[in-house]
Amino acid sequence: MLRESTISLFLFFFLCCHADPECTRVSPLVDLEFDFKMVQHQLRGRIKVLDDCSFRVSQFDMLSGSDVHWWGALAPDLDNLTNGFVISDHRLNQTFANSTFVVRLLNNVTWSMIQVLAVWDRPTGSDFGHIVLEDLANVTEASPAPAPAGGDGKGKGEVRIHTEPTMFENCKVLSDNFRLRWSLNVGEDSIEIGLEAATGIMNYMAFGWANPNNTGSELMVGADVAVAGFKEDGLPFVDDFFITKYSECVTDSNGSSEGVCPDSIYVGPDRVGLVNNTELIFGQRKDGVTFVRYRRPLSKVDGKYDHPVDPLANMTVIWAMGKIRPPDTLQHHYLPQNHGGLPSQNFGHLVLNVSEHVNDCHGPLDAEDKEDQDVIIADGKVPLVVSTGPALHYPNPPNPERVLYINKKESPVLRVERGVPVTFSIQAGHDVAFYVTSDPIGGNATVRNLTETIYAGGPEAHGVVASPKELVWAPNRNTPDKLYYHSLFEPKMGWRVEVVDGGLSDMYNNSVLLDDQQVTFFWTLSKDSIFIAARGEKKSGYLAIGFGSGMVNTYAYVGWIDDNGLGRVDTYWIDGKDAKSIHHTHENLTYVRCRTENGIITLEFTRPLDPSCDRSIRPECSNIIDPTTPLKVVWAMGARWSNENLSNMNMHSVTSSRAINVLLMRGSAEAEQDLLPVLAVHGFMMFLAWGMLLPGGILAARYLKHLKGDGWYKIHVYLQYSGLVIVLLALLFAVAELRGFYVTSPHVKFGIAAIFFACIQPVNACLRPPKPNNGEHPSSKRVIWEYFHIIVGRTAFVLGLAALFSGMKHLEERYGEENANGLILAMVVWFVLGAFIVAYLEYRERQRVRGRIFGRSNWVLGNAEEDDSLDLLSPSRAHAEKESQTSATMEVQLEPLNR
């Protein structure tokens with residue numbers, strides 16, 4: 001603090017001694033001084049114009065803002081201030097405590113451009129305090145200012161143009177939350193006192209002089225005090241009290257009063273104006289700080305209930321803070337209740353000489369609760385009525401004359417819960433379009449060349465009492481903690497929306513308890529992403545959840561609170577059981593939050609279902625979540641975590657004993673098992689169909705035509721239809737078990753395609769053209785049909801094989817089936833064996849066909865019906881075969897002619 005003041009003073013003297021030659025003094029005789037009007041952030045201070053280019057700021061107090069500047073405007077109203085301009089590059093983004101410094105104007109700014117000098121927070125459009133400057137060009141002479149109270153009465157040539165009631169000559173700290181300010185005016189036999197406390201709005205502040213004849217524990221009895229505070233309507237009050245007893249003021253049946261009572265109670269209501277020696281001057285309630293300024297006489301007082309104040313003597317004063325009781329039908333005064341609590345905080349006494357200069361108030365009071373606005377908690381079942389009314393206590397000046405009211409309360413803080421829909425009944429008029437926005441100012445940010453996110457409402461959200469407009473808004477887990485409600489047509493009509501977590505069960509669609517019931521897992525699915533939360537049910541230093549059968553070969557998400565008190569969620573790939581096997585990854589997590597309440601950790605994040613990155617480079621890119629298959633989830637908790645230098649000290653102290661299969665689509669969970677029985681039946685039926693029945697039907701059509709009659713055809717049809725029925729039943733079993741039909745994994749895509757082509761075959765068979773007679777060439781329709789039938793059948797079979805093998809791979813990846821590799825190998829052996837059998841049968845078939853064409857005995861034993869039969873695997877060969885047979889027949893018929 002001392003170092004800052006020293007630097008500021010040095011800068012001031014440096015600038016004074018090395019002034020810009022172009023900067024001239026406004027007047028060598030007149031130094032213009034102005035006091036700031038406090039508007040927000042406990043701003044106090046005084047400026048003194050040095051020249052055309054600079055001014056000095058002294059006694060400057062201010063609570064920090066976000067992006068605060070020295071600001072110029074033409075008038076102190078909303079439109080002019082919001083359209084103002086920066087006048088200096090001196091930034092104010094910090095807390096100031098009784099600071100002194102020099103501010104230089106920008107090169108393109110002159111005093112003639114500034115009618116209002118303000119301290120302005122640009123992001124929130126907030127006026128922290130301002131000074132209305134007079135026309136400096138017209139100030140050519142002024143009378144000397146009156147000498148300071150208690151001084152010698154000699155003017156120094158300074159003129160104070162403007163003063164504010166928040167500024168005093170002296171300040172004394174009474175407690176951490178209570179300050180006494182005063183200015184003495186001996187010539188007028190008065191003292192002006194300012195009581196300032198960071199306290200509740202319905203609390204009182206008391207200060208006064210003790211009875212000089214009492215000492216020790218009896219200081220309060222006989223004391224003359226002023227009690228100040230605020231009424232329910234927001235107006236300040238101050239009253240003159242006299243203490244006769246350590247108790248609240250009570251009046252007996254005879255009309256006698258005792259305790260801490262107003263003077264007027266002791267002497268009757270007819271003399272209220274005569275016995276109340278306090279005169280209210282000013283009062284305000286800003287940033288959770290109550291301030292009341294009043295005047296009282298020094299010597300001209302009522303001798304019975306008031307004590308004269310000797311400005312030159314050391315006198316004992318007392319003070320207190322506490323709850324106040326408002327008037328009722330029995331008494332008509334605001335009466336202090338027992339202050340109680342710790343004496344160092346709520347009451348005390350000291351010796352004070354009001355003529356001695358004191359200023360030990362360093363910096364502004366910083367109240368813990370700075371919000372005095374009413375708070376309305378939204379109820380999902382009761383609509384909130386939005387109307388307009390006069391701006392009486394708008395929390396963020398400057399503001400328009402008319403502001404939004406919710407449920408008849410002026411611009412209250414609106415508190416909503418995530419997951420709970422809020423209904424607004426908008427009755428504010430057709431010139432007020434209600435909306436919920438990220439912009440703290442409202443009034444359509446695009447007009448100010450800024451961007452905003454609108455969460456509800458808009459141009460159509462307007463209505464009147466006779467025809468209200470209903471608007472429903474459902475905040476979700478991705479809704480920011482702080483938003484604002486405003487009018488789209490005019491800025492700063494509304495105020496703040498606090499979005500709180502009403503409970504994870506309200507924010508997420510599904511939840512399950514994980515293994516051992518120590519962690520609750522929450523999730524909500526969307527088209528391309530999943531919203532996830534996990535909450536521990538016991539105290540811990542960190543909480544981790546992992547996707548996998550165990551902590552090894554698992555994608556882990558760890559939530560913890562770091563040394564700065566910030567919640568963190570980091571991602572890892574774990575491929576071992578020691579700290580070196582934990583590899584930090586960089587998954588694309590959004591809306592990340594982690595918090596702790598009484599040691600219970602809750603983590604939340606959103607991630608894509610299928611990461612869009614190179615899986616060969618980053619292992620986390622393989623962390624794909626398929627909503628149609630169970631997600632194996634494990635958990636762990638421990639005492640401490642760090643985002644670097646992990647060691648065995650960070651290992652978990654408790655963990656799940658097994659993985660839980662979370663059925664994302666069904667919203668349920670079950671303990672991990674080798675394989676779901678229904679899905680096992682599904683796989684066996686598909687293998688029976690695609691691995692036995694359907695291939696058997698194809699082989700029958702290819703290699704059994706040498707049988708008498710249509711036996712091959714019946715075998716072909718029966719096997720094909722049986723296989724198709726089993727395929728459809730297996731499909732229904734899988735859909736029923738997974739509670740849905742989702743085409744996401746390669747297995748499902750191959751399977752659906754295979755079933756589609758397989759189902760075409762029966763339809764195609766019904767449309768088969770007639771076969772040609774013996775010796776006739778097949779028609780073009782017959783040829784096209786034969787090719788189509790063969791191509792579709794072979795395509796269905798190939799896709800069926802792909803579905804079988806991808807299903808086994810799916811089984812291994814998603815269910816961790818230990819025997820999956822063995823099953824895949826067995827299936828490969830089966831189909832390789834089948835390939836050898838087909839090769840052998842094909843060889844025999846070619847030999848048979850060759851013998852039938854060129855061997856007489858084979859032709860004699862031929863079957864005329866067979867010759868015209870369809871070869872399902874090679875129609876062209878069948879046609880060629882028929883032609884060859886016809887030629888062979890013609891040769892036999894010509895033999896007798898050669899004899």
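Residues numbered from 1 in each chain as written. Predicted model: local features only at pLDDT ≥ 70, side-chain atom pairs only at ≥ 80, totals over all residues. Heavy atoms only, no water.

An unreviewed UniProt entry lists the chain under the name Cytochrome b561, DM13 and DOMON domain-containing protein, from Arachis hypogaea.

Their axes nearest at 14 Å, the elements helix H7 (residues 677-703) and helix H9 (residues 746-766) cross at an angle of 45 degrees. Comparing their axes, H9 and H7 come out oblique. Viewed along their axes, H7 and H9 form a crossing whose handedness is left-handed. Contact residues: H7 offers His-682, Met-686 and Trp-690, while H9 offers His-747, Ala-754, Ile-755 and Ala-758. Per-class residue counts for the contact of H7 with H9 are five nonpolar, two polar and no charged. (Axes fitted to C-alpha atoms, helices over the stretch in contact; angles between N-to-C directions. Helix = DSSP H or I, 4+ residues; strand = E, 2+ residues; numbered from the N terminus. Parallel < 35°, antiparallel > 145°, perpendicular 65-115°, else oblique. Left-handed = near helix turned anticlockwise from the far one by under 90°. Contact = heavy atoms within 4.5 Å. Nonpolar A, V, L, I, M, F, W, Y, C, P; charged D, E, K, R; others polar.)

Let us now look at the state of the cysteines. Summed over the entire model, instances satisfying the criterion amount to three disulfides. The partner cysteine of Cys-171 in its disulfide is Cys-361, sulfur to sulfur 1.8 Å. Here the disulfide of Cys-171 and Cys-361 is left-handed, its torsion about the S-S bond being about -85 degrees. With Cys-171 in strand E11 (residues 170-175) and Cys-361 in the loop between strand E24 (347-352) and strand E25 (375-377), this residue pair connects regions lying 190 residues apart in the sequence. Judged on exposure class, the residue Cys-171 and its partner Cys-361 are both buried. With a sulfur-sulfur separation of 2.0 Å, Cys-249 is cross-linked through a disulfide to Cys-261. Handedness of the Cys-249-Cys-261 disulfide follows from its S-S torsion of about 105 degrees: it is right-handed. Here Cys-249, found in the loop between strand E16 (236-243) and strand E17 (250-251), pairs with Cys-261, found in strand E19 (residues 260-262); they are twelve residues apart in sequence, far enough to count as distant. (Disulfide = S-S within 2.5 Å. Buried < 20%, exposed > 50% of the residue type's maximum accessible area, 1.4 Å probe, protein only.)

Let's shift gears to the nonpolar core. Core analysis: the biggest nonpolar cluster contains 29 residues, and Leu-414, Phe-424, Phe-434 and Trp-473 have the highest contact counts within it. When residues of this core are traced back to their parent elements, those giving at least two are strand E26 (384-390), strand E27 (402-406), strand E29 (413-417), strand E30 (422-426), strand E31 (434-437), strand E33 (469-473), strand E34 (482-487) and strand E35 (496-500). Residues contacting Phe-424, with those up to four places away along its chain left out, are Leu-384, Val-386, Leu-414, Phe-434, Lys-469, Glu-470, Leu-471 and Trp-473. Grouped together as the second largest cluster of nonpolar side chains are 28 residues, Leu-195, Ala-197, Phe-207 and Ala-228 included. (Core = buried A, V, L, I, M, F, W, Y, C linked by side-chain atoms within 4.5 Å.)

So, on to the sheet that holds E34. Judged by pairing direction, the sheet is mixed, and its six strands sit side by side in the order E25-E29-E35-E34-E31-E32 without closing on themselves. With one partner strand each, in any of the chains shown, E25 and strand E32 (454-457) form the two edges of the open sheet. Averaged over all pairs of adjacent strands, the angle between their axes in this sheet comes to 25 degrees, without regard to strand direction. The pairing of E34 with E35 spans three bridges and is antiparallel. Following the sheet pairing, Lys-482 is matched in E35 by Glu-498. (Pairing = 2+ DSSP bridges.)

In this section: the pairing of strand E20 (residues 279-286). Bridging between E20 and strand E21 (residues 289-297) involves seven bridges; their strand directions are antiparallel. Bridge pairing in E21 links Lys-286 to Val-289.

This brings us to the pattern of salt bridges. Counted according to the given criterion, the structure contains 38 salt bridges. Between Asp-35 and Arg-46 there is a salt bridge, with its nearest N and O atoms 2.5 Å apart. Remark: Arg-46 occurs in strand E3 (residues 44-49) and Asp-35 occurs in strand E1 (residues 32-35); sequence separation between them is eleven residues. In this pair, the class of Asp-35 matches that of Arg-46, namely buried. Within this structure, Arg-418, Arg-477, Asp-481, Asp-501, Arg-593, Arg-595, Glu-597 and Glu-604 form a network of salt bridges that share partners. (Salt bridge = Lys/Arg side-chain N within 4 Å of Asp/Glu carboxyl O.)

Time to look at H7. Between its terminal C-alpha atoms H7 stretches 37 Å, which fits the 39 Å expected from 27 residues at 1.5 Å a residue. When the local axis directions of H7 are compared, the greatest deviation, roughly 30 degrees, occurs at Ala-689. (Expected span 1.5 Å × (residues − 1). Bend = angle between axes of the 7 residues up to and from the residue.)

Enumeration according to the criterion identifies 33 aromatic pairs in this entry. An aromatic cluster is built from Phe-36, Phe-55, Phe-60, Trp-70, Phe-96, Phe-101 and Trp-111, whose rings are joined through pairwise contacts. Positioned above the aromatic ring of Phe-291 is the side chain of Arg-44, whose terminal nitrogen or guanidinium carbon lies 5.5 Å from the ring centre. One cation-aromatic arrangement involves Arg-293 over Phe-168; the distance from NZ or CZ to the ring centre is 3.9 Å. (Phe/Tyr/Trp six-rings, centres within 6.5 Å; stacked < 30°, edge-to-face > 60°. Lys NZ or Arg CZ within 6 Å of the ring centre and 35° of its normal.)

This part is about the pairing of strand E45 (residues 631-638). Judged by how many residues are buried, E45 sits mostly within the fold: eight of eight residues are covered. Judged by which residues are buried, E45 turns out to be covered on both faces: Leu-631, Val-633, Trp-635 and Met-637 on one side and Lys-632, Val-634, Ala-636 and Gly-638 on the other are all buried. The pairing of strand E39 (residues 542-547) with E45 spans six bridges and is classified as antiparallel. In the sheet register, Ile-545 faces E45, and the bridge partner there is Trp-635. Where E45 and strand E47 (residues 660-663) come together, three bridges link them in antiparallel fashion. Bridge assignment links Leu-631 to a residue of E47, and that residue is Val-662.

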